[in-house]
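Spelled out from the first residue to the last, the chains are:
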Amino acid sequence: MTPGPFSRFIAVDWSGAKTGYAKKLCLAQCDIGSDAPKLITRDGGWSRTAIADFVLAQPPGTLTGFDFSFAPPFLDQGGYLPSEDVPTNGQDFWAHVDAVSASDPDCGAHSFIQAYRKHFYLGKADGKKADFMRWRTCERLFNASGGGKAACVFDAIGAAQVSKASFAGMRILHRLKSADAVIWPFDQAAPGQSVVIEIYCRAFIQHAGLSGGKVRDLEGLNGALHALGSAPFQTSEFLSDDQTDVLITSAGLRKLASEPGAWAPAELNPKISRTEGWTFGVF
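Residues numbered from 1 in each chain as written. Predicted model: local features only at pLDDT ≥ 70, side-chain atom pairs only at ≥ 80, totals over all residues. Heavy atoms only, no water.

A. Spotlight on helix 2 (residues 90–100). The complete set of buried residues in helix 2 reads Gly90, Phe93, Trp94, His96, Val97 and Asp98. Considering only its buried residues, helix 2 is in contact with helix 3 (110–115), helix 5 (163–178) and helix 9 (270–274). The opening residue of helix 2 is Asn89, an N-cap whose side-chain oxygen sits 3.3 Å from the backbone nitrogen of Gln91. (Buried < 20%, exposed > 50% of the residue type's maximum accessible area, 1.4 Å probe, protein only. Helix = DSSP H or I, 4+ residues; strand = E, 2+ residues; numbered from the N terminus. Contact = heavy atoms within 4.5 Å. Polar contact = N/O pair within 3.5 Å; in protein donor to acceptor, adjacent residues only side chain to side chain.)

Here is the structure:
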């Protein structure tokens with residue numbers, strides 16, 4: 001079943017920073033039609049919990065994408081953290097991450113990473129980085145697509161790591177789920193409901209026909225938006241690549257949300273839906 005129809009499309013670029021407010025927390029929104037997406041700002045900046053509250057306050061029929069991994073790999077080794085006593089489905093795992101990290105401010109997850117330290121790569125002292133690298137099914141497919149390489153959630157060092165952001169995000173998923181949010185593909189959506197999905201902004205840059213990993217100028221941004229059926233974005237201000245990421249992805253969500261194939265990747269099955277989840281736009 002294809003979720004929707006949707007009338008609002010929100011893309012969120014995420015952060016795993018220890019402090020609650022981070023410049024990397026960016027939101028863009030567009031509504032049904034072809035108007036250009038717009039950046040959504042907040043006085044004082046966004047925190048992770050403020051974004052969760054914003055998402056929960058949206059009207060029915062909103063599709064919201066978060067740019068972090070909704071779960072660790074599961075199928076490759078038959079569990080999220082082999083040898084550990086942890087849950088074996090996504091929703092219970094989010095609750096576990098939340099409980100272990102309960103003392104971390106603004107839904108951070110540094111305590112979780114420290115509690116399961118042996119599973120994470122934090123530098124050369126841990127040995128070979130390759131020994132920690134594991135991939136979900138959707139990540140393996142994206143990495144084979146030629147459009148770039150998805151990062152591994154167990155790689156917790158360096159500017160490109162997504163580990164801290166993803167486990168912090170799982171705490172937000174638990175918060176959203178506790179408020180009865182529908183989180184695809186872990187949940188099935190009824191017609192007209194709002195849905196929360198995992199996104200990878202680079203995948204939407206691919207859908208716009210661009211081969212590069214980042215868009216850093218207005219001309220490139222508006223070329224991508226045009227390819228996704230959107231009017232151009234108007235600004236005289238400098239845009240960061242985090243901002244162009246969410247603007248392109250918001251328009252991409254509007255374009256792909258009505259395509260049944262985007263909701264039914266060939267390799268997505270009930271077990272993956274319960275455990276690893278899926279990155280919308282990889283199919």
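B. Region of interest: the pairing of strand 5 (residues 195–198). Side-chain alternation along strand 5 places Val195 and Ile197 on one buried face and Val196 and Glu198 on a second face that is also buried. In the sheet, strand 4 (residues 62–66) pairs with strand 5 via four bridges, with the strands oriented parallel. In the sheet register, Phe66 faces strand 5, and the bridge partner there is Glu198. (Pairing = 2+ DSSP bridges.)

C. Main features of the layout of surface pockets. By volume, the largest pocket is sized at about 880 Å³. Lining the largest pocket are 41 residues, and of these Ala151, Ala160, Gln161, Val162 and Tyr200 lie nearest its centre. Looking at the lining of the largest pocket, the elements with two or more residues in it are helix 4 (137–143), helix 5 and helix 6 (201–207). Taken together, the residues of the lining of the largest pocket sort by class into 20 nonpolar, eight polar and 13 charged. For the second largest pocket, the calculated volume is near 220 Å³. At the level of secondary structure, the elements contributing two or more residues to the lining of the second largest pocket comprise helix 1 (48–56), strand 4 and strand 5. Residue composition of the lining of the second largest pocket, by class: seven nonpolar, five polar and one charged. (1 Å grid on protein atoms, 1.4 Å probe; cavity = no way out; pocket = protein on both sides within 12 Å on 5 of 7 lines; lining within 4 Å. Points joined across faces, edges and corners; volume = space filled by probe spheres on them. Nonpolar A, V, L, I, M, F, W, Y, C, P; charged D, E, K, R; others polar.)

D. Representation of the packing of aromatic side chains within the structure. Here the structure, examined in full by the defined rule, presents 20 aromatic pairs. Here Trp263 and Phe280 contribute two aromatic rings whose centre-to-centre distance is 4.6 Å and whose plane-to-plane angle is 50°, an arrangement assigned as tilted. In this pair, Trp263 is assigned in the loop between helix 8 (241–256) and helix 9 and Phe280 in the segment after helix 9, connecting sequence segments 17 residues apart. In this structure Trp263 comes out as buried when scored by relative accessible area, which is 6%. (Phe/Tyr/Trp six-rings, centres within 6.5 Å; stacked < 30°, edge-to-face > 60°.)

E. Representation of the pattern of salt bridges. Tallying each qualifying case throughout the model produces 14 salt bridges. Across the pair Asp155 and Lys129 runs a salt bridge, and its minimum N-O distance is 3.0 Å. Placement of Asp155 in the loop between helix 4 and helix 5 and of Lys129 in the loop between helix 3 and helix 4 is noted, with a sequence separation of 26 residues between them. Residue class for Lys129 comes out partly exposed when judged on its relative accessible area of 38%. What emerges from the salt-bridge pattern is a single network uniting Arg136, Glu139 and Glu198. (Salt bridge = Lys/Arg side-chain N within 4 Å of Asp/Glu carboxyl O.)

F. Quick peek at the nonpolar core. Within the largest apolar cluster, 44 residues are counted, with the highest numbers of intra-cluster contacts made by Trp14, Ile51, Phe66, Phe93, Phe112, Phe167 and Leu176. Breaking this core down by element, the ones donating at least two residues are strand 1 (8–13), helix 1, helix 2, helix 3 and helix 5. For this core, the leading source of residues is helix 5, giving seven residues. In this view, Leu176 contacts Ala52, Val55, Leu56, Phe66, Ala181, Ile183 and Val196; residues no more than four positions away in its chain are not counted. Membership of the second largest hydrophobic core comes to 42 residues, among which are Ala28, Ala150, Ile197 and Ala224. (Core = buried A, V, L, I, M, F, W, Y, C linked by side-chain atoms within 4.5 Å.)

G. Inspection of the side chain of Ser230 at higher detail. Relative to the assigned elements, Ser230 resides in the loop between helix 7 (218–227) and helix 8. Apart from residues lying up to four places away in sequence, Ser230 is in contact with Ser34, Asp35, Ala36, Pro37, Leu225, Ala251 and Arg254.

H. Main features of the side chain of Ser101. Residue placement: Ser101 occurs in the loop between helix 2 and helix 3. Ser101 has contacts with Gly108, Ala109, Ser111, Phe112 and Arg171, leaving out every residue within four places of it along the chain.

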